[in-house]
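Observations on chain architecture
Residue strings, one per chain:
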Amino acid sequence: MATLEALLIDLTLRVTDLQQLNAILGDPQTTALITGGLVAFAAALPGTFLLLRKLAMTTDAISHTVLLGIVLAFLLLAALPGLEADLNSPWLIFGAALAGLATVLLTGAIQRSGLVKEDAALGLVFPLLFAIAIILISRLTDDVHLDSDAVILGEIGVVWADARSHCLQDCEPVHITPDDPRAETGRRCTNCAELDIGPRDPAAEFEEYCLNCGRYTTAEAWRARLVPQAPTQVFWPRAITSMLLVALLNLAFILLFYKELKLGTFDPALAAALGLRPALLNTALMVLVSITAVAAFDAVGSVLVVAFFIIPPATAWLLSDRLAHILLLAPLGGVLASFTGYEFSRGNLLGIAQMRDLLQLLDETIGLDGFTEWNTSISAAIVLMMFLFFLLAWVFSPRQGLLLSLLQHRARRQHFAEQLLLGHVHHHQGTAEAASELAQDRLHLHLGWTPRRTQRVLMRLRLRDLVASEDGTLQLTARGERSVRRFMALRGAGGASPAGD
Amino acid sequence: MNQPPALHVEDLTVAFDSRPALWDVDLSVPEGVLMAVVGPNGAGKTTLIRAALDLIPRAAGSVRIFGEPVARARGLTGYVPQRGSVDWDFPTTVQDVVMMGLYGRLGWLRRPGAAERTRTRQALEQIGIADLATRQISQLSGGQQQRTFLARALVQDARLYFMDEPFAAVDAITERAIVALLQELRARGRTVVVVHHDLQSVPDYFDQVTLLNVEVIASGPTAEVYSEDNLRRTFGGRVAGIARLTEEALP
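Before going into details, it helps to say that this report is about the structure given with it. Residue numbers run consecutively from 1 along every chain, following the written order of its sequence. Chain A is the first chain written and ligand 1 is the first ligand written, with later ones labelled in order. Only residues with pLDDT of 70 or above have their local features reported here, since the model is predicted, and side-chain atom pairs are shown and tallied only from 80 upward, although totals for entire chains, interfaces and linings are computed over all residues. Values shown for side chains rest on all heavy atoms present in the structure; no hydrogens or waters enter the calculation.

As for the layout of surface pockets
If a probe as big as a water molecule is rolled over the atoms, it shows which places are left empty. All names here are of chain A. Rule in force here: Method remark: on a 1 Å grid restricted to protein atoms, a set of points is classed as a cavity if a 1.4 Å probe fits but cannot get out and as a pocket if it is open with protein on both sides within 12 Å along at least five of seven lines; lining residues have an atom within 4 Å of a point. Grid points are joined across faces, edges and corners, and a volume is the space filled by probe spheres set on the points. Runs of E in the DSSP output that reach at least two residues are strands. Runs of H or I that reach at least four are helices, and both are numbered from the N terminus.
Estimates place the volume of the largest pocket at around 1,500 Å³. Together, 38 residues line the largest pocket, and Leu 55, Val 104, Gln 111, Arg 112 and Asn 282 are the ones closest to its centre. Those elements that place two or more of their residues in the lining of the largest pocket are α4 (56–79), α5 (90–113), α6 (118–140), α11 (258–266), α12 (268–273) and α13 (278–300). Sorting elements by how many residues they give to the lining of the largest pocket places α5 first, with 8 residues.

Here it is in structure tokens:
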């Protein structure tokens, strides 16, 4: 991790200077944006396949049960001699991945046992594992800081605070010996305690000793003014590194195994028959989901992380019906929602409105008891924004959007009304009752429509030169005749679909 | 020594929770024949295919494909699962699904390239759905879905095909297309094992038939084993008009 961070620092320093980099990494807003974006990106990739495999809620289960893996790994590390129990140990990730797998396997076993129905198996397994984790945490690790808000919602706003320092220049530790010019010496009484006398007593004896001898890290030496030059340091937030690693891992996995994942998701039986090991790939996917959930844990908590896995791919699926496009759109949409969601948590709704103004308006109109301060959890705001994107996609989707289907419905109804009117004219024109049936001002009585609607339909037909009127009596034009015949032929063929195939 | 049969199943038993789905099945399919597997619901027809492809564990017995264990014969087999076994809302196109048949040959990590696209194109044309190539699969009719699956099997270019109810709920045109494809595969010396439901058409379409009801009731050339007596033993007299059926169908 540290090496990777050093590399990243090296790279970023080629495009920016040190001061700017430290300003960026020390800024809660920028780090939250970067971390949130990375979480969204990393989660949307495996999330797309989970969604297609109808495993959306498995993500939710895994994001909880990984906690048990972390706790067990932590306890194991503490119990084993020679290993240090530390909340940043990579072994915890290993434990989390195992717990994620255990969740999937246990759920599968319970499903196969037939004791409960499918979704209930998940409902049995994940609270069980989560409850064990909670008990272990509260019983055995009083000194570990894990507060419930952080577990549920994460603390993306303070990821900047948990940083590793990287020293770039003037980094040598300082060792002050008594003969160092910087050594400060003092005197202390050697027999005062023994004789019960004060240092001013003439009998007191003294020795010299070094006040500031010892080893200092560079930062300590600078604080103690032992070195003239402040060390050049970069404070790199750990969350950014781990999320970046996970994002790259997920990206690599999906780029490498795109074809195998696609077939294993669409038709696992064929994948197995072709020797492509879909079960193994599924295990790998679940491990990645577990790792992603753990890495995202600090930032967005265990409850809302499922949204990062599922909502952006679901949104992308509304917008496209090609897997490759969904895999491209989902992470991008997730990152966008993450950025705008962060702004939203600070009261800025997509740059359109300020939440404070909206709340004030609501307070004045319906009364919110003066609740006009909009200051909310960042991860919750991101999730709301993701959902807003989903709604927008649903309304405007070119494939199955609400707006589209309303428009299509309207167009179908209009088309049908037009054909109905044309058919009526066709049926009666040239007959004895034509004068009464096709009189323009009495037409609505025959059709049982309102006069307004009748006029509207007639107007559209006239504009397209399908009917004409002669002395107030309607008549089909040549085009109108053709249209009627086409429609009747379609209806006769059993398909009244106006669009045709 | 004789050529090994395309499929040789010996003493195969498959059980779900110690309830046997297949019981001591012995079966041999010579190369170059079209064989129907016929039996009532729950007879283990699909299970037979899945066990033969090593997709489910066997409780006992062995399966050999051209004399090889299944794992070594993956490149020789093609599989057309039941149409309903996949989610047709999956975001992909017809040509994409067909190309999936080439994934086994491509192996891990390699991407389909120009050669694969050409073969996909040819298979689509041969099955007569080239015009649907870029269509989203959720917009296909049942018959078109089935043809997509057949095109996918075709690109696998296997020597032994397993097809699970390819004729289920397809229109007459698709049925004819499937029959034409089966005959062409046979002409090219391929072997096809088809789970089949329409008892009437068995003698018309297939050289050999296996009558299955957990156990193999009879297996062999259609003219020899497709008799009223065997059908009765397979279906337990549950199929109305078995007598009429075999009288009409068999000379």
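As for the sheet that holds strand β5 (residues 68–69) of chain B
Residue and element names in this part refer to chain B. Put simply, the rule is: Note on pairing: two strands pair once DSSP finds at least 2 bridges between them. Should any heavy atoms of two residues lie within 4.5 Å, those residues are considered in contact. In this description, a line fitted to the C-alpha atoms serves as the axis of each element, helices being fitted only across the stretch in contact, and the angle between N-to-C directions of two axes falls anywhere from 0 to 180 degrees.
Pairing is antiparallel across the open sheet formed by 4 strands, whose spatial order is β2-β1-β4-β5. The sheet terminates laterally at β2 (19–29) and β5, the two strands that pair on one side only. For strand β1 (residues 7–16) and strand β4 (residues 60–65), the ladder comprises 5 bridges, and the chain directions are antiparallel. Across the sheet, residue Thr 13 finds its bridge partner in β4, namely Ala 60. Packed onto the sheet, helix α1 (residues 45–52) meets β1, β2 and β4 and runs at close to 115° relative to β1.

Quick look at the interface of chain A and chain B
In plain terms, the rule: Using a 1.4 Å probe, buried area is obtained as the accessible area two parts lose upon being combined, added over both of them. Every case where a carboxyl oxygen of Asp or Glu lies within 4 Å of a side-chain nitrogen of Lys or Arg is listed as a salt bridge. Polar contact is the term for a pair of N or O atoms within 3.5 Å; when the atoms are in protein, one must be able to donate a hydrogen and the other to accept it, and sequence-neighboring residues count only if both atoms are side-chain atoms.
Listed as interface residues are 27 residues of chain A and, on the opposing side, 32 residues of chain B. When the two sides are added together, the surface that chain A and chain B hide from each other amounts to roughly 2,700 Å², 66% of it contributed by carbon and sulfur. Scanning the region where chain A abuts chain B turns up 3 salt bridges. Among the ionic pairs, Asp 87 of chain B bridges to Lys 54 of chain A, the shortest N-O distance being 2.8 Å. One can count 11 residue pairs in polar contact (both at pLDDT 80 or more) joining chain A with chain B. Secondary structure elements with two or more residues in the side of chain A that touches chain B: α10 (238–256), α11, α12 and α15 (323–345) of chain A. By residue number, the principal contributor to the side of chain A that touches chain B is α11 of chain A, which donates 7 residues.

Concerning the pattern of salt bridges
The test is simple: In this scheme, a residue with accessible area under 20% of its type's maximum is buried, one over 50% is exposed, and one in between is partly exposed, where area comes from a 1.4 Å probe on protein chains only.
On inspection of all chains with the given rule, the structure shows 18 salt bridges over all chains. Between Arg 485 of chain A and Glu 481 of chain A there is a salt bridge whose closest N-O contact spans 3.8 Å. You can see Arg 485 of chain A and its partner Glu 481 of chain A sitting in helix α22 (residues 478–492), 4 residues apart, about one turn around the helix. For Arg 485 of chain A, a relative accessible area of 51% translates into the label exposed. If you follow the salt bridges from partner to partner, you end up with Asp 157, Glu 184, Arg 188 and Arg 190 of chain B in one network.

What to know about the side chain of Glu 165 of chain B
Rules: Just so you know, the count uses Lys and Arg for positive and Asp and Glu for negative, and it drops His and the chain ends.
Residue placement: Glu 165 of chain B occurs in the loop between β7 (160–164) and α6 (172–187). Buried charge without a salt bridge: Glu 165 of chain B, with Lys 45 of chain B as the nearest opposite-charge side chain at an N-O distance of 4.9 Å.

Concerning the pairing of strand β6 (residues 232–237) of chain A
Residue and element names in this part refer to chain A. For β6, the tally of buried residues reaches 5 of 6 residues, placing the bulk of the element in the interior. Across 6 bridges, the pairing between strand β1 (residues 163–169) and β6 is antiparallel. The residue bridging Arg 164 from the neighbouring strand is Trp 236, located in β6.

A word on the packing of α4 of chain A against α5 of chain A
Residues and elements named next belong to chain A. Just so we agree on the cut-off: Note that the term roughly parallel is reserved for angles under 35 degrees, roughly antiparallel for angles over 145, roughly perpendicular for angles of 65 to 115, and oblique for everything else. When the near helix sits turned anticlockwise from the far one by under a right angle, the crossing is termed left-handed; a clockwise turn instead gives a right-handed crossing.
It is the contact of α4 with α5, at a shortest axis distance of 6 Å, that shows an interaxial angle of 135°. As summarised for this structure, α4 and α5 are arranged oblique, according to the angle between their axes. Read as a crossing pair, α4 and α5 show a hand that is right-handed. Judged by residue contacts, Thr 58, Ala 61, Ile 62, Thr 65, Val 66, Gly 69, Ile 70, Ala 73, Phe 74 and Leu 77 of α4 engage Trp 91, Leu 92, Gly 95, Ala 96, Ala 99, Gly 100, Thr 103 and Val 104 from α5.

Re helix α21 (residues 451–463) of chain A
Each full turn of the α-helix corresponds to 3.6 residues, which orients residues three or four apart in the same direction. Residues and elements named next belong to chain A. This is how the line gets drawn: A helix's residues, less one, multiplied by 1.5 Å, set its expected span. This arc is taken over the directions from the axis of the helix to the C-beta atoms.
Helix length check: α21, at 13 residues, gives a terminal C-alpha distance of 18 Å against a target of 18 Å (1.5 Å per residue), a fit within 8%. Residues of α21 that are buried: Thr 454, Val 457, Leu 458 and Leu 461. Angularly, the buried residues of α21 cover 100° about the axis, an arc narrow enough to put them on a single face. Exposed residues pointing more than 90 degrees away from the buried face of α21 are listed as Arg 452, Met 459 and Leu 463. Structurally, α21 contributes buried residues whose contacts are with α18 (402–428), α20 (443–447), β9 (467–470) and β10 (473–476). Remark: Asp 465 follows α21 within two positions and exhibits a positive phi of approximately 60°.

As for the packing of α4 of chain A against helix α14 (residues 305–319) of chain A
Residue and element names in this part refer to chain A. To keep things clear, this is the line we draw: Following the grouping adopted for this structure description, the nonpolar residues are Ala, Val, Leu, Ile, Met, Phe, Trp, Tyr, Cys and Pro, the charged ones are Asp, Glu, Lys and Arg, and the polar ones are all others, Gly among them.
Where α4 contacts α14, the two axes come as close as 9 Å, and the packing angle between them is 160°. The pairing of α4 with α14 is recorded here as roughly antiparallel in orientation. Of the two elements, α4 crosses α14, and the hand of that crossing is right-handed. Along its contact with α4, which presents Ala 56, Thr 59, Asp 60 and Ser 63, the element α14 presents Val 305, Val 306, Phe 309 and Ile 310. Across the contact of α4 with α14, the residue classes break down as 5 nonpolar, 2 polar and 1 charged.

Comments concerning the state of the cysteines
All names here are of chain A. Quick note on the threshold: Any pair of cysteine sulfurs within 2.5 Å is marked as a disulfide.
Counted under the stated rule, the structure contains 2 disulfides over all chains. Residue pairing for Cys 189: its cysteine sulfur links by disulfide to Cys 192, the two sulfurs lying 1.7 Å apart. Taking the sign of the S-S torsion, 105° for the link of Cys 189 and Cys 192, the bridge is right-handed. On the basis of relative accessible area, Cys 192 is assigned to the buried category, the value being 12%. Between the sulfur atoms of Cys 210 and its disulfide partner Cys 213 the distance amounts to 1.9 Å.

The analysis is restricted to geometry; functional conclusions fall outside its scope.
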